[in-house]
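Observations on the model geometry
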Amino acid sequence: MTEAYYYDVTNWPVGNPFEDVGQVINSMIEDIKKKQNNRDLDEGGKPGAVIYLPPADYHLKTQVLIDISFLKIMGSGHGFTSSSIRFNVPEEDVPNLHELWPGGSRILVDLETALDAPEIEGAAFVVKREGDPRISSVEFNNFCIDGLHFVDDGTGEPNVENTYVNGKTGIYVASAQDSFLISDMGLVYLEHGVTIYNADALTIHNNFIAECGNCLELRGWGQASKVTNNLMGAGFKGYSIYAEHFAQLLISSNNIFPRGASTIEFNSVTRSSIVGNILHAFYAGMVMLKANSSENLVSGNHFLHDHEPWKPMQMHDNGLDDLFGLLTIEGHNNSVIANHFSEILDREFIKPVGAKPVIIRLISGDHNYIATNNTVATEAHTESGDSAFAAQVDSLLTTEVSAPIDVTTVLVEANAVQNTILDSGTDEQVILDQKVNAFRATPSISIR
Amino acid sequence: MTEAYYYDVTNWPVGNPFEDVGQVINSMIEDIKKKQNNRDLDEGGKPGAVIYLPPADYHLKTQVLIDISFLKIMGSGHGFTSSSIRFNVPEEDVPNLHELWPGGSRILVDLETALDAPEIEGAAFVVKREGDPRISSVEFNNFCIDGLHFVDDGTGEPNVENTYVNGKTGIYVASAQDSFLISDMGLVYLEHGVTIYNADALTIHNNFIAECGNCLELRGWGQASKVTNNLMGAGFKGYSIYAEHFAQLLISSNNIFPRGASTIEFNSVTRSSIVGNILHAFYAGMVMLKANSSENLVSGNHFLHDHEPWKPMQMHDNGLDDLFGLLTIEGHNNSVIANHFSEILDREFIKPVGAKPVIIRLISGDHNYIATNNTVATEAHTESGDSAFAAQVDSLLTTEVSAPIDVTTVLVEANAVQNTILDSGTDEQVILDQKVNAFRATPSISIR
Amino acid sequence: MTEAYYYDVTNWPVGNPFEDVGQVINSMIEDIKKKQNNRDLDEGGKPGAVIYLPPADYHLKTQVLIDISFLKIMGSGHGFTSSSIRFNVPEEDVPNLHELWPGGSRILVDLETALDAPEIEGAAFVVKREGDPRISSVEFNNFCIDGLHFVDDGTGEPNVENTYVNGKTGIYVASAQDSFLISDMGLVYLEHGVTIYNADALTIHNNFIAECGNCLELRGWGQASKVTNNLMGAGFKGYSIYAEHFAQLLISSNNIFPRGASTIEFNSVTRSSIVGNILHAFYAGMVMLKANSSENLVSGNHFLHDHEPWKPMQMHDNGLDDLFGLLTIEGHNNSVIANHFSEILDREFIKPVGAKPVIIRLISGDHNYIATNNTVATEAHTESGDSAFAAQVDSLLTTEVSAPIDVTTVLVEANAVQNTILDSGTDEQVILDQKVNAFRATPSISIR
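Thresholds, definitions, all that
- Residues numbered from 1 in each chain as written.
- Chains lettered and ligands numbered in written order.
- Predicted model: local features only at pLDDT ≥ 70, side-chain atom pairs only at ≥ 80, totals over all residues.
- Heavy atoms only, no water.
- Buried < 20%, exposed > 50% of the residue type's maximum accessible area, 1.4 Å probe, protein only.
- Helix = DSSP H or I, 4+ residues; strand = E, 2+ residues; numbered from the N terminus.
- Pairing = 2+ DSSP bridges.
- Contact = heavy atoms within 4.5 Å.
- Axes fitted to C-alpha atoms, helices over the stretch in contact; angles between N-to-C directions.
- Domains from an automatic or database assignment.
- Buried area = accessible area lost by both parts, 1.4 Å probe.
- Salt bridge = Lys/Arg side-chain N within 4 Å of Asp/Glu carboxyl O.
- Polar contact = N/O pair within 3.5 Å; in protein donor to acceptor, adjacent residues only side chain to side chain.
- Nonpolar A, V, L, I, M, F, W, Y, C, P; charged D, E, K, R; others polar.

**Examining the pairing of strand 11 (residues 169–173) of chain A**
Residue and element names in this part refer to chain A.
- A large share of strand 11 lies buried, amounting to five of its five residues.
- Taken together, the four bridges between strand 7 (residues 123–127) and strand 11 define a ladder with parallel strand orientation. Pairing of Val126 across the sheet is with Tyr172, part of strand 11.
- Relative to strand 15 (residues 192–200), strand 11 is paired through four bridges, and the arrangement is parallel. Residue pairing across strands places Tyr172 opposite Thr195, the latter belonging to strand 15.

Below, the structure is given as structure tokens:
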């Protein structure tokens, strides 16, 4: 008999979704397979199913394993709220809080895993299937995956909720896959938000992935995918977006908050684009094109680097000083065109003391093309505070003009040759060997 | 007892959703709170709820007040149709119309408010909560909010349906909030579409907000938000997008129609981006960076300014003449790179008569960087008509080449110094004091 | 009596949705009209309806005809999987495949139409209504339309499943319409995916339209629309995106795969934007601005042209040689700024043998502005294979540096005059008549 495949976790005979939604979903997947196998398959297929999570708190004690194509898991609410702020509220103020936790259609990841276990063991949702074809069109939509707590990582962080370590992952795709769609989700307080191996035609769209150790990691290899319109921001140890051995990856229209150790990191990524994003970071090393990343386009992005204003996090950084560069390139044939960089640092915070911060740094590689990028570099006068938000608001409401600071807008190192640098800094701001690189300075008034 | 939170307005014991959906939704919110308070909160939270509006006409006579986090209100249809066209159809043709009103999951805003009452009183949906944490993750998705009629505003407009005044607002967020998501909505015939104070990590995505006095107003202050992929167009008195005291605001991939008094207006907005949009306007003053708006990036946008072709609206404009500029800047350190400007005006419509229209105007501020912007300026030969659409189609189907008009592509006023203007106009097209600004003209043939 | 309009195809008294979902949907539309006509319409309208397709296989033997506004047809799963790979798997391996067909909420298009019949006859969904107002706000969301098979087209293709011909169209909008929304869909193995005449304020967002003869065709005329965030890729005979007589069309943040005969083709399109896309093609003629297409902006795109690596498709191409250009312009006043071009071809594949491939070609037209575009041209060393994917992965995992090839980055033909070419190639790479065009070469090291 042919029938439709609609499942609601709150209306299923096996298990209790509020106590262990993992058991419920796994039971549903078994049911889907059973029904598929009973069907006449004359041009009919195995259409998968939708599993619906109405808004509620669902504890997950059993890992979900997805090994069928065309499964959509959807909720009605991404449910993000800042757990980071909540865990740094003074104890005496907690009783006055309206609510303590994220919400919406919320998965509470209650897996018990050792911190040194393989990452896959701590994942709420695992997708994995060997053989052909690659698993296709699994969709995650509009629910919340909450890792609940970070834990003591032995580094001496006085508030263990600030470690960004708990061995938990939201979604872990272990095998090659095609045409996946992760959209409108909220992920919070996970050591890894979304980890995906060997992606093809993947869409990561309009998600809210923040206060995770790492937000999005595209590992193995991949092609022809897009990461668009997301709000993201990793912890100080991790990546907001990481990709390796990828081609035709489009990263556009994202708004990426601090405080990831890097904002976007490419490891041997080629023929990909970072366009039209807002990128904000508290540390140098915002966008790194590493390990021969080549033929990429970085265009129309707004880079802002300023100083961490929030006291609980000021003890942390990523260990890089301001000579490292905001955008670094190790590779060839990349195009960096029409970007804006704001380097907003009070002199006292510049590392090493007295240094001229570097904006774009070509570490190695040839035939990179850097044109019409504008850099603004001034002091900030931002006050630190108990609230990062309040500090930002304060600075928004001031109109005082800050003093400029000297920077190197483009530094082309000795290993990088045959590059072209146009209109991206004055003669004083660009450091390169003109015998082996082409250069045209941004005109300055004094030159005329 | 733990349970899920799914509500359907057509299946609720209190009130009649077709007569007053506001009463129904407020009753549901009371129920949600009651159930939340009865729960054991051991790591469980207050997950909010979803309220579903299946397609239908829902009168709203009682304002909805949302003071809980994680509430999603969703329909199945944004339901936009042009009320403006319908209200300018000759009376005798009305009986032949297939339908008269917007549709989908449609809220008919029937609030009775005085035009001089505070804006909040005329809002269909109000979100407001004091205390901590800020209210989070309220979502509005895929329904229609219809203000029904505009009213006589005393200005003598012969058709009161063309005034863009009725004291009604679709969504009014009165207090600081986090991670809100407004997507796939249709808003029409409201004096204010969406008004939001003090936004953090807000998403306004894929909405259709048109024929409203104002479409989107981001007031107070805000940070780290995105306004993407929307179709918008305000009335002749209002803003399509307005933001004040905002940082890290990403406005990308929107297609903004006429006829807003301004298309995008920034008031003390910093470190934000306007990238990859199509902006079309009938008046000068399309994008204004005002009141020390600084360090913003305007890149990859298509600006079109042409003459109002629709007779019913030709009596209106925003009062600015063609010397005002299409993009104006009062602020410092902004980057304007890689934009296209089309100024398409028959000579007879240029104001003041005989003037050379201005495209980019730097009113005040320093260290703005203007590079590789292209301006096209020609006559139009557009016919006015009873249908703006027909006029557009006529012009699409013609291939006649229009005569060029002379314009000032960049005007740097005396108060603006130390700016850099590159490849954005010839020597004849750019007006600036080269003693205090850096300039490189777009090469012209005759120079060679 | 007022009521809501929610329909589920699996719960309807007329017809069997699994055998002929077309009959079921048409019956629902009749019911919607009947209910609308029975209603009191005092400021109430005809709100349309939602028709839900839970995941399942739905054969469609009767064409759906939509002639009401505000109808939303939605599923829970776009269901794309590669039928092209599946139909090129050796027969003996087929029994080992996990699944054979696309899935999700899947329409199997079983219409019987002659290949030479008018296109509309082979369409699964037809939208058509004459009179006023134009039909508005029909939405298609998150289901799959599967054309099932391609057929013998008489051209001698040994595998008829590779012809991209079957006379089937997914969605065919025959009459002028307003504010349509097609999102989150999957379309596969259709000769035409989506064909729309006379569009206004159309949204095509986040769809997966691939392995179709043509993906998206915007015919007639149109205005103020957006095509954003899609994954697309047509067959070797067709268009991935085609538009004619259109204004204010925004094509942004799409990731377009090979192997369309063209990737984006504009026919008399004006004042439109192609921004922030990844475009990948196996043939020259990727983006064509034809027939006086003017005042368009092409910015921030990544163009990649390389050689077809997949053996089953290597017998096909679009007939254009490498002198044709990757981006061609016949029109005036277009802006091409800040794009990256990768031309990756082993010398043996360049046509004609020994030719210098052309990247940007201005065929005719004046006042086009071409600035800060970067071209990379190297050999590839890609191995052909039984799997295009494997070939790509191989090339991703290699880091060997390829030898450069000589190209003409910009060719301005004799019919094209008064154009401006800046920083888009060295003196050796740009061919133009400097007496009638303005030119500034990208600085090269040797010049200094």
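**Considerations on the sheet that holds strand 22 (residues 255–256) of chain A**
Residue and element names in this part refer to chain A.
- Spatial ordering of the open sheet is given by 3-6-10-14-17-19-22-25-28-31-34, a layout of 11 strands whose pairing is parallel. On the outer flanks of this sheet lie strand 3 (56–60) and strand 34 (374–378), each paired with one strand and no other.
- Bridging between strand 10 (residues 144–146) and strand 14 (residues 186–188) involves three bridges; their strand directions are parallel. Across the sheet, Cys144 pairs through a bridge with Gly186, a residue of strand 14.
- Across the sheet, helix 1 (residues 17–37) lies against strand 3 and strand 6 (105–109), angled at about 55° from strand 3, the strand it touches most.

**Here we look at the pairing of strand 25 (residues 278–281) of chain C**
All names here are of chain C.
- Along strand 25, one buried face is formed by Ile278 and His280 and the opposite face, lined by Leu279 and Ala281, is buried too.
- Two strands pair when backbone bridges link them, and strand 22 (residues 255–256) and strand 25 are joined in this way by two bridges, in the parallel orientation. Counted as the bridge partner of Asn255 is Ile278 from strand 25.
- Across four bridges, strand 25 lies against strand 28 (residues 302–306) in parallel orientation.

**Some points on the domain arrangement of chain A**
All names here are of chain A.
- In terms of domain boundaries, chain A breaks down into domain 1 (1–257) and domain 2 (277–448).
- Between the C-alpha centres of domain 1 and domain 2 there is a distance of 34 Å.
- Facing the 15 residues of domain 1 at the interface are 12 residues of domain 2.
- In total, domain 1 and domain 2 occlude about 1,000 Å² of area from one another, counting both sides; carbon and sulfur atoms represent 56% of this.
- Broken down residue by residue, the surface that domain 1 buries against domain 2 is led by Glu157, Phe236 and Ile256, which jointly contribute 43%.
- Taken together, the connections running from domain 1 to domain 2 amount to zero salt bridges.
- Our count for the contact surface shared by domain 1 and domain 2 stands at seven residue pairs in polar contact (both at pLDDT 80 or more).
- The set of elements that each furnish at least two residues to the side of domain 1 that touches domain 2 consists of helix 2 (83–87), strand 21 (246–252) and strand 22.

**Things to note about the interface of chain A and chain C**
- At the interface, 80 residues of chain A touch 73 residues of chain C.
- Of the roughly 5,700 Å² buried between chain A and chain C on both sides combined, carbon and sulfur atoms contribute 57%.
- Our count for the chain A to chain C interface comes out at two salt bridges.
- In this structure, the salt-bridge partner of Glu99 of chain C is Arg129 of chain A, at a minimum N-O distance of 2.9 Å.
- Broken down by element, the side of chain A that touches chain C gets its largest block of residues, seven residues, from strand 18 (residues 214–228) of chain A.
- Of the residues in the side of chain A that touches chain C, the class split is 26 nonpolar, 35 polar and 19 charged.

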